[in-house]
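Remarks on the overall topology
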Amino acid sequence: MNEWTFIGLFLLMGAIFPGAPILLNSLILGPKKNNPVKNSPYECGIETVGDTWVQFKVQYYIFALVFVVFGVETIFLFPFAVAFQQVALFMVVEMTLFIVILAGGLLYAWRKGALEWV
Amino acid sequence: MDIGQLFNDPVGQIRQLLAQLLTSIGLAPQAVDLILMVIGVVIIASFCLLLPLFLIWFERRVVARMQDRVGPNRVGPQGLLQTIADAIKLLIKEDITPTGADKIVYNAAPILSVIAVISMWAVIPFAATIVGTSLNVGALYIVSVGSLGTLAIMMGGWSSNNKYALLGAFRTAAQLVSYEAPLLLSLSVPVLLARSMDLNTIVAAQKDVWFIVAAPVAALIFFLTSVAEVGRTPFDLLEAESEIVAGFHIEYTGMKFGMFFVAEFLHAFTVGALTAILFLGGWQGPFVEQVPLLGVLYFMAKAFAGYFLVILMRAALPRIRIDHMLDFNWKFLVPVALAAIVVTMLGDKLIQTAGIDSAWIRAGLLFLVNAVLAWATYWLLSASARRLRAAEEAAAAGHDPMGGGPDDHGDQAEHAAVAHGDHGPAAASAPAH
């Protein structure tokens, strides 16, 4: 529990340390001379046309999905790695099978063209 | 308390002394604990925030030397105070929020990107006894807070209401998320070899021989993917100056802009530090048992060596195109990382079953296994390159059935060759698993 208090304090301090100079900059030291032209989004000197928040291309979702597969797999892999001293040889073979099935999934995505950037 | 003890375990001794002092003025034990913890946090966090002041100067000098320039050398001795001057300049710049930006997300992004990097240092062991806190899930903690940085960059790009920034965020989604997969996979190899996720235990397990000997393939993959996670030059698509101006931080000014840079430079150094801890033995070194303080020196030296390598990569390599980058990740790094896990796992278990105790023999055998893996990878790659070249030559000779008119013929042939080549390694890499 003590360790996690330390982590919590660290996250808090990690927010305060960069937050303080930012506030110092934007509230106290920095000049405040706004005008509509200055505040407009940068686009090589011309007005932005249309809405900025467009849809993501579907390709990004496919890569994210393939990543999720590997992310979930790692959740299983790390506890296995920690308990590695105790596991028997056939369990290691089972884990190998698990990874091979996963590699099969990658191969499937590859063959289906999900990994091509179009 | 004698001087020898203070020299051997300075943090523990100072901690004890402070605890006695605070208890003697009548504070509750919990309050004393909390105060000591806050002091520890402040020391490590300020070290982390002051370090980039030096790193930025160091990197500018090294890159300048690589490009046959002098670099900053006017402010202070050898230009050492240049970064401080830059920080003061950033402090007195105007803070602009673009019209239509999502204000909360826009302002939270630079802070979150610093949090993501600084939090990693909470579990990094500087020496056997000098460590923020020893988490038993340290390795997982590192990657989980590290991936907050990805979120921060996407938040910054998305909320700026700028199309260049949005493109940067798009690329982040593809690049950083993709490279996290082989990063996680290669990270599990040292965890496997040390049988622990605690970083201090991982370092202690490298007492006789460093893990880079037992797992060179995983070490290489870890280093490369970590550099990609930082978004430095061979992989700096998210802020590619010549394509999307400045990418995700294009609208940021003043200190918010500065904080993105603090996070980037500190992250680059953290890559060196993590590589040192996981593969180069962290604080291990000669005489470290007699004089534990030497560990800090060894650790910093190894971390700086790693950081120096990151800088050299930045100065020497051009930017990769996005499809090449994703291919490199999904079609090369991920399969090789999976194969590296499998061979390490099976090899280590067989060695353990055979009853070999010597750390050197174990590392040597695992090195041989890795060498075979590297050779097989090289063989597969050169075979697929041969096939690709043959397809290209056949297409150039006019046998390409998909070839269009004479003008765009070469271009078409290239596409055909790429299509052929992409199916080649898929079939070829199957036996490797």
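Residues numbered from 1 in each chain as written. Chains lettered and ligands numbered in written order. Predicted model: local features only at pLDDT ≥ 70, side-chain atom pairs only at ≥ 80, totals over all residues. Heavy atoms only, no water.

Next up on the list: the pattern of salt bridges. Residues and elements named next belong to chain B. For the structure shown, the criterion picks out 7 salt bridges over all chains. The partner of Asp-95 in a salt bridge is Lys-256, and the shortest N-O contact between them spans 3.2 Å. You can see Asp-95 sitting in the loop between helix H4 (82-91) and helix H5 (103-120) and its partner Lys-256 sitting in helix H12 (residues 254-279), a full 161 residues away along the chain. Judged by relative accessible area, Lys-256 falls into the buried class, the value being 4%. Close ionic contact of Arg-195 with Asp-348 constitutes a salt bridge, the shortest N to O distance being 2.7 Å. Taken as a pair, Arg-195 in the loop between helix H7 (163-194) and helix H8 (199-204) and Asp-348 in helix H14 (residues 322-354) lie far apart in primary sequence, 153 residues in all. When its relative accessible area of 15% is taken as the criterion, Arg-195 is described as buried. Through salt bridges that share partners, Arg-195, Asp-348 and Arg-362 make up one connected network. (Salt bridge = Lys/Arg side-chain N within 4 Å of Asp/Glu carboxyl O. Helix = DSSP H or I, 4+ residues; strand = E, 2+ residues; numbered from the N terminus. Buried < 20%, exposed > 50% of the residue type's maximum accessible area, 1.4 Å probe, protein only.)

Here we take up the interface of chain B and chain A. Taken together, the contact pairs 94 residues of chain B with 77 residues of chain A. For the pair chain B and chain A, the summed buried area comes to about 7600 Å², and 76% of that belongs to carbon and sulfur atoms. Counting across the interface, chain B meets chain A through 0 salt bridges. For the interface between chain B and chain A, the tally reads 9 residue pairs in polar contact (both at pLDDT 80 or more). Every element with two or more residues in the side of chain B that touches chain A is listed here: helix H3 (29-66), H4, H5, helix H6 (138-159), H7, H12, H14 and helix H16 (409-429) of chain B. Partitioned by chemical class, the residues of the side of chain B that touches chain A number 58 nonpolar, 19 polar and 17 charged. (Contact = heavy atoms within 4.5 Å. Buried area = accessible area lost by both parts, 1.4 Å probe. Polar contact = N/O pair within 3.5 Å; in protein donor to acceptor, adjacent residues only side chain to side chain. Nonpolar A, V, L, I, M, F, W, Y, C, P; charged D, E, K, R; others polar.)

Turning to the packing of aromatic side chains, a few remarks are in order. Enumeration according to the criterion identifies 26 aromatic pairs over all chains in this entry. Through a chain of ring-to-ring contacts, three or more aromatic side chains come together here, namely Phe47(B), Phe54(B), Trp57(B), Phe58(B), Trp121(B), Phe126(B), Phe269(B), Phe299(B), Phe304(B), Tyr307(B) and Phe308(B). (Phe/Tyr/Trp six-rings, centres within 6.5 Å; stacked < 30°, edge-to-face > 60°.)

All names here are of chain B. For the pair H12 and helix H13 (residues 294-316), the least separation of the axes is 7 Å and the interaxial angle reads 125 degrees. On the basis of their axis angle, the class for H12 and H13 is oblique. Every pair of crossing elements has a handedness; the one defined by H12 and H13 is right-handed. Where H12 approaches H13, its residues Phe-265, Ala-268, Phe-269, Val-271, Gly-272, Ala-273, Ala-276 and Ile-277 are matched on the opposing element by Phe-299, Met-300, Lys-302, Ala-303, Phe-304, Gly-306, Tyr-307, Val-310 and Arg-314. Taken together, the residues of the contact of H12 with H13 sort by class into 13 nonpolar, 2 polar and 2 charged. (Axes fitted to C-alpha atoms, helices over the stretch in contact; angles between N-to-C directions. Parallel < 35°, antiparallel > 145°, perpendicular 65-115°, else oblique. Left-handed = near helix turned anticlockwise from the far one by under 90°.)

This part takes up a nonpolar patch on the surface. On the surface, a cluster of nonpolar side chains totalling about 580 Å² of accessible area is made up of Leu23(A), Leu24(A), Leu27(A), Ile28(A), Leu29(A) and Ile92(B). Checked against the element boundaries, Leu24(A) lands in helix H1 (residues 2-29). Judged by relative accessible area, Leu24(A) falls into the partly exposed class, the value being 35%. (Patch = residues over 30% accessible without salt bridge, like charges linked within 9 Å, V, L, I, M, F, W, Y side chains within 5 Å. Areas by Shrake-Rupley, 256 points an atom, 1.4 Å probe, with all protein chains shown as cover.)

Honestly, it's all geometry; don't read function into it.
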